[in-house]
Amino acid sequence: ATTAKVVSNRKGVLRRTTTWQTTPHHQHKLESRTETRRRPRCGRPIIAPPLSASNRRAGPAPSTSGARLVAEDSAAFDLAGQSLRSWTQFFALLAVVSAGLYGIWIDPNLAGLGTSFVSSVETLSDSHEVVMLAILVAFGVAHSGMAALRPQGERLVGARAYRVAFALISLPLALTAVTYFINHRYSGAALFDVRSVPGVHGAVWWLSFASFFFLYPSTFNILEVAAVDEPKVHLWETGVMRVTRHPQMVGQVMWSLAHCLWMGNSFAIATSAGLCAYHAFGCWHGDRRLEEKFGSDFVEVKNRTSVLPFAAILDGRQVLPRDYWKEWVRVPYLGVVLFTLGAYACHPAMQTAAHWVGW
């Protein structure tokens, strides 16, 4: 139930107090908000609250739950708003970056900087687990360090130039971590083997598949990721963000559980522990940066979302709209399905390529 009251004082200031009950399935939790607007000199008074800066940029997120959304709509895709020129630039840039990454970092017969990097890390220990964790630490320092310095870096060189620098440092380290993991996935001490148990393969497959639906929504802004469009910091609120405020962390835990179950060795467990620890740090680091950027809007989103999946829904802080399913039936998630199935089909080719690189 929702009630609203509008009053005017002597100074012509309008006040509207709105009260609503969040859900009938919980205790009667009532929220109240008072909005103050100056009465116009002529015409009817306007009492609707203004859109936040983020919603003016992307439009208000749909809601039928009664809550006022202050952030952007996750995974929204407007086909009419796409530019053929932008996507042509993206694929041209992708080809140039891939060629440069191959020649400078991957191919040992050319510059081979990746081989030199891995060789230097391997001097730390004979343990593949230690080397893998060292590679993850290097990636984490570069990735989170540059994310922390983003406001200063963008003021210095601009948003696009800083994004390019971020990618040129992060991509080689990420590729190195993936390649080293593939090549050494069955090294280390064998702890258990349940691969022949009925149902295990299916459980591992579905858990891995589902983990990719927990990608952070900014991942879908491919043109911004590639700096074709000007990169922006986004505050999201719908879709997967209703389930968990840190979907990337949840997806990483799901993926790690699946691969530890399938491999059953110390290398897989050490790698998974390192990845999950880094994503746990990312929860704190990401919240801190978003609060600095968006202030009270982020605090409002934080108060009605949770880190643990479904926690805010179960305790009544997050009320799902009746048409919540529509926030998942979107083009980016079709892309997730195709990408995940393609990656699974390409596993043999990925293993062959990793073996050829030899890290």
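Read on for a plain summary of the structure. (Residues numbered from 1 in each chain as written. Predicted model: local features only at pLDDT ≥ 70, side-chain atom pairs only at ≥ 80, totals over all residues. Heavy atoms only, no water.)

1. A few points about the overall build of the chain
Line of reasoning, step 1. Assigned secondary structure in the chain consists of 15 helices and 3 strands.
Line of reasoning, step 2. Relative to its full complement of 359 residues, the chain shows a buried share of 38%.
Line of reasoning, step 3. Looking at the chain alone, contacts between residues at least 24 apart form 67% of all its contacts between residues at least 6 apart.
Line of reasoning, step 4. Of the roughly 20200 Å² of accessible surface on the chain, 65% is carried by carbon and sulfur atoms. (Helix = DSSP H or I, 4+ residues; strand = E, 2+ residues; numbered from the N terminus. Buried < 20%, exposed > 50% of the residue type's maximum accessible area, 1.4 Å probe, protein only. Contact = heavy atoms within 4.5 Å. Areas by Shrake-Rupley, 256 points an atom, 1.4 Å probe, with all protein chains shown as cover.)

2. Quick look at the nonpolar core
Line of reasoning, step 1. Counting residues in hydrophobic clusters, the biggest one holds 22 residues, and the most contacted among them are Phe117, Met132, Ile135 and Tyr180.
Line of reasoning, step 2. Sorting the residues of this core by element identifies helix 2 (84-106), helix 3 (113-122), helix 4 (128-148), helix 6 (159-183), helix 10 (247-263) and helix 11 (266-294) as the ones contributing at least two each.
Line of reasoning, step 3. When sequence neighbours within four positions are dropped, the list of residues in contact with isoleucine 135 reads Phe117, Val121, Leu173, Thr176, Ala177 and Tyr180.
Line of reasoning, step 4. One finds Phe220, Val240, Tyr333 and Val336 within the second-largest nonpolar core, a separate group that totals 16 residues. (Core = buried A, V, L, I, M, F, W, Y, C linked by side-chain atoms within 4.5 Å.)

3. Remarks on unusual backbone geometry
Line of reasoning, step 1. Despite not being glycine, alanine 75 shows a phi value in the positive range, around 60°.
Line of reasoning, step 2. Its place among the elements puts alanine 75 in the loop between helix 1 (53-58) and helix 2.
Line of reasoning, step 3. For phenylalanine 310, which is not glycine, the phi torsion reads 70° and is therefore positive.
Line of reasoning, step 4. Positionally, phenylalanine 310 belongs in the loop between helix 12 (296-303) and helix 13 (311-314).

4. Considerations on the packing of aromatic side chains
Line of reasoning, step 1. For the structure on display, the rule yields 20 aromatic pairs.
Line of reasoning, step 2. Ring geometry for phenylalanine 90 and phenylalanine 91: centres 5.0 Å apart, planes at 70°, overall edge-to-face.
Line of reasoning, step 3. Looking at phenylalanine 90, the relative accessible area reads 13%, which means it is buried.
Line of reasoning, step 4. Using a relative accessible area of 51% as the deciding quantity, one classes phenylalanine 91 as exposed.
Line of reasoning, step 5. Look at tryptophan 328 and tyrosine 333: their rings are 5.0 Å apart centre to centre, the planes differ by 35°, and that puts the pair in the tilted class.
Line of reasoning, step 6. Residue tryptophan 328 is classed as partly exposed on the basis of its relative accessible area, which comes to 24%.
Line of reasoning, step 7. Among the aromatic residues, ring-to-ring pairing joins Trp205, Trp206, Phe209, Phe213, Phe220, Trp328, Tyr333 and Tyr344 into one connected group. (Phe/Tyr/Trp six-rings, centres within 6.5 Å; stacked < 30°, edge-to-face > 60°.)

5. Some points on the side chain of glutamate 224
Line of reasoning, step 1. One can find glutamate 224 in helix 8 (residues 222-225).
Line of reasoning, step 2. Buried charge without a partner: glutamate 224 forms no salt bridge, and the closest opposite charge is lysine 232, 4.6 Å away.
Line of reasoning, step 3. Among the polar contacts listed, one links the side chain of glutamate 224 to the backbone nitrogen of lysine 232, at a separation of 3.2 Å.
Line of reasoning, step 4. With residues near it in sequence (within four places) discarded, glutamate 224 still touches Arg163, Asp229, Glu230, Pro231, Lys232 and His234. (Lys, Arg positive; Asp, Glu negative; His and termini not counted. Salt bridge = Lys/Arg side-chain N within 4 Å of Asp/Glu carboxyl O. Polar contact = N/O pair within 3.5 Å; in protein donor to acceptor, adjacent residues only side chain to side chain.)

6. Quick look at the packing of helix 14 (residues 331-345) against helix 15 (residues 347-357)
Line of reasoning, step 1. With their axes 4 Å apart at the nearest point, helix 14 and helix 15 run at an angle of 55° to one another. One element, helix 14, and the other, helix 15, form an angle in the oblique class. Taken together, the residues of helix 15 that come into contact with helix 14 (itself represented by Ala343, Tyr344 and Ala345) are His347, Pro348 and Met350.
Line of reasoning, step 2. Here the contact of helix 14 with helix 15 is built from residues that sort into 5 nonpolar, 1 polar and no charged. (Axes fitted to C-alpha atoms, helices over the stretch in contact; angles between N-to-C directions. Parallel < 35°, antiparallel > 145°, perpendicular 65-115°, else oblique. Nonpolar A, V, L, I, M, F, W, Y, C, P; charged D, E, K, R; others polar.)

7. What to know about the packing of helix 2 against helix 3
Line of reasoning, step 1. Packing of helix 2 against helix 3 leaves a shortest axis separation of 5 Å and a crossing angle of 45°. With respect to each other, helix 2 and helix 3 are oriented oblique. Counted together, Ile104, Trp105 and Ile106 of helix 2 and Leu113, Gly114, Thr115 and Phe117 of helix 3 form the full contact between these two elements.
Line of reasoning, step 2. Classifying every residue of the contact of helix 2 with helix 3 by side-chain character gives 5 nonpolar, 2 polar and no charged.

8. Topic: the environment of alanine 134
Line of reasoning, step 1. Among the structural elements, alanine 134 can be located in helix 4.
Line of reasoning, step 2. Here alanine 134 falls in the partly exposed class, since its relative accessible area comes to 21%.
Line of reasoning, step 3. C-alpha of alanine 134 to C-alpha of valine 118: the two residues are 16 residues apart in sequence and 9.9 Å apart in space.

9. Things to note about the environment of arginine 160
Line of reasoning, step 1. On the secondary structure map, arginine 160 appears in helix 6.
Line of reasoning, step 2. For arginine 160 and valine 225, which are 65 residues apart along the polypeptide, the C-alpha to C-alpha distance reads 9.5 Å.
Line of reasoning, step 3. Once residues within four sequence positions are removed from consideration, arginine 160 is found in contact with Ala227, Val228, Asp229, Glu230 and Pro231.
Line of reasoning, step 4. From its side chain, arginine 160 meets the backbone oxygen of valine 228 in a polar contact 3.0 Å long.

10. Considering the pattern of salt bridges
Line of reasoning, step 1. Considering all chains together, one arrives at 9 salt bridges under this definition.
Line of reasoning, step 2. Taking the shortest distance from any N to any O, the salt bridge between aspartate 193 and arginine 195 comes out at 3.1 Å.
Line of reasoning, step 3. Between arginine 304 and glutamate 300 there is a salt bridge, and its shortest N-O distance comes to 3.4 Å.
Line of reasoning, step 4. What you see here is one network of salt bridges that share partners, running through Glu237, Glu300 and Arg304.

11. Some words on a nonpolar patch on the surface
Line of reasoning, step 1. Taken together, the side chains of Leu191, Phe192, Leu261 and Ile269 present a nonpolar region at the surface, about 330 Å² in accessible area.
Line of reasoning, step 2. Among the structural elements, phenylalanine 192 can be located in the loop between helix 6 and helix 7 (200-211).
Line of reasoning, step 3. Assessed through its relative accessible area of 37%, phenylalanine 192 is described here as partly exposed. (Patch = residues over 30% accessible without salt bridge, like charges linked within 9 Å, V, L, I, M, F, W, Y side chains within 5 Å.)

Note that every value here comes from positions in space, so none of it alone points to a role or purpose.
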